[in-house]
Amino acid sequence: TDLIRVERQERDALMDRQALLLQATLDHLDQGVCIFGADGYAVGQNRRLIELLHLPPHLAGARLSSSVMLDHLGRSTTFPIGFGITELGFWMRNAARQPPIAFEIKQGGHTFLKIFGRHIPSWGVVMSFTDVTAERLANNALRDLNEQLERRVEERTQALGEALRDAERATAS
């Protein structure tokens, strides 16, 4: 029995070290990450998740439930057309029979997050949240610049056409 007790203590110590290593790894990611167990509660999450989703700070040390996260997202997020909080909740409850999901949301009108979710067999669901605001703003600025350039080219083409017609009239007269 002493050997069994020592073996259990060593195994528990190893599991504690692995849990600390996993938490340290999660906390140093730039992405927000949450792993939900089959019961709908987080078995692992990082601080970046709390920051990106603007969740109440008291949830940083608590066991986050998927219903709390979904409720918060439903109040503060714009989802893509045809996919909303109801569909995300359905996917989370049925992830074992669903393909992975990836989509973008808009928070508060100025922050864009890319969400990726995947089922983990015998665990539950892992979700990651990546801030893609800088990329979206750069894409929007580039699109606006392209549209502005197209308008300028069209204006110049019209001006050249008018100048050509004026030159032809002057030559004819």
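Residues numbered from 1 in each chain as written. Predicted model: local features only at pLDDT ≥ 70, side-chain atom pairs only at ≥ 80, totals over all residues. Heavy atoms only, no water.

K.L.:
In this structure, what is going on with the overall build of the chain? I would like to understand it.
P.N.:
A tally of helices and strands in the chain yields 5 helices and 6 strands. Listed N to C, the secondary structure of the chain is α-β-β-α-α-β-α-β-β-β-α in terms of helices and strands. Radius of gyration (C-alpha) of the chain: 27 Å, far over the 16 Å computed for a compact globule of 173 residues. The dimensions of the chain, computed from C-alpha atoms along their principal axes, are 115 × 30 × 30 Å. Split into buried and exposed, the 173 residues of the chain put 29% on the buried side. (Helix = DSSP H or I, 4+ residues; strand = E, 2+ residues; numbered from the N terminus. Rg over C-alpha atoms; globule rule 2.2 N^0.38 Å. Buried < 20%, exposed > 50% of the residue type's maximum accessible area, 1.4 Å probe, protein only.)

K.L.:
What exactly am I supposed to notice about the pattern of salt bridges here?
P.N.:
Here the idea is simple: oppositely charged side chains can pair when their charged atoms come close. Within the structure shown, the criterion is met by 7 salt bridges. Of the charged contacts, one joins Asp166 and Arg169 as a salt bridge, the two residues approaching to 2.2 Å between their closest N and O atoms. Of this pair, Asp166 and Arg169 both sit in helix α5 (residues 133-172), separated by 3 residues, roughly a single helical turn. A relative accessible area of 42% means that Asp166 is categorised as partly exposed. Salt bridges here are not isolated pairs; linked through shared partners, they connect Asp30, Arg48 and Glu51. (Salt bridge = Lys/Arg side-chain N within 4 Å of Asp/Glu carboxyl O.)

K.L.:
Explain the environment of Tyr41 here, please?
P.N.:
When you line up the elements, Tyr41 lands in the loop between β1 (32-37) and β2 (42-45). Once the C-alpha coordinates of Tyr41 and Thr130 are considered, the two residues, 89 residues apart in sequence, prove to be 21 Å apart. Beyond its immediate stretch of four places on either side in the chain, Tyr41 contacts Ile35, Phe36, Arg63, Leu64 and Ser65. (Contact = heavy atoms within 4.5 Å.)

K.L.:
How do you make sense of the packing of aromatic side chains when you look at a structure like this?
P.N.:
By convention here, two paired aromatic rings are described through the distance between centres and the angle between planes. Considering all chains together, one arrives at 3 aromatic pairs under this definition. Between Phe79 and Phe83 the ring centres are 6.5 Å apart and the planes differ by 50°, which places this aromatic pair in the tilted class. Accessibility expressed as a relative area gives 21% for Phe83, which makes it partly exposed. Arranged with centres 4.6 Å apart and planes meeting at 55°, the rings of Phe83 and Phe103 form a pair that is tilted. (Phe/Tyr/Trp six-rings, centres within 6.5 Å; stacked < 30°, edge-to-face > 60°.)

K.L.:
Sorry, what's going on with the environment of Asp39 here?
P.N.:
When you line up the elements, Asp39 lands in the loop between β1 and β2. Judged by relative accessible area, Asp39 falls into the partly exposed class, the value being 47%. Separated by 25 residues in the primary sequence, Asp39 and Leu14 have C-alpha atoms spaced 25 Å apart. Within the local environment of Asp39, its side chain forms a polar contact with the backbone nitrogen of Tyr41, the two atoms lying 3.0 Å apart. (Polar contact = N/O pair within 3.5 Å; in protein donor to acceptor, adjacent residues only side chain to side chain.)

K.L.:
Would you explain a nonpolar patch on the surface in this entry?
P.N.:
Taken together, Leu142, Leu145 and Leu149 make up a surface patch of nonpolar side chains, about 260 Å² in accessible area. Along the chain, Leu142 falls in helix α5. (Patch = residues over 30% accessible without salt bridge, like charges linked within 9 Å, V, L, I, M, F, W, Y side chains within 5 Å. Areas by Shrake-Rupley, 256 points an atom, 1.4 Å probe, with all protein chains shown as cover.)

K.L.:
Sorry, what's going on with helix α4 (residues 85-93) here?
P.N.:
Side chains of residues three or four places apart in an α-helix project in the same direction, reflecting 3.6 residues per turn. Listed as buried for α4 are Leu88, Gly89, Trp91 and Met92. Seen from one end, α4 has its buried residues packed into an arc of 160°, which puts them on one side. Of the exposed residues in α4, the ones pointing more than 90 degrees away from its buried face are Thr86 and Arg93. On the buried face of α4, the contacting elements are β1, α3 (66-76), β4 (101-107), β5 (111-120) and β6 (124-131). (Arc of directions from axis to C-beta.)

K.L.:
Any chance you could explain the pairing of β6 here in plain terms?
P.N.:
Every regular strand shows the same layout, with side chains that alternate between the two sheet faces. Sheet topology note: the β1/β6 ladder contains 6 bridges and is antiparallel. Residue Ile35 lies in a different strand from β6, and its bridge partner there is Val126. Looking at chain direction, β5 and β6 are connected through 8 bridges and run antiparallel. Bridging across to β6, His119 finds its partner in Val125. (Pairing = 2+ DSSP bridges.)

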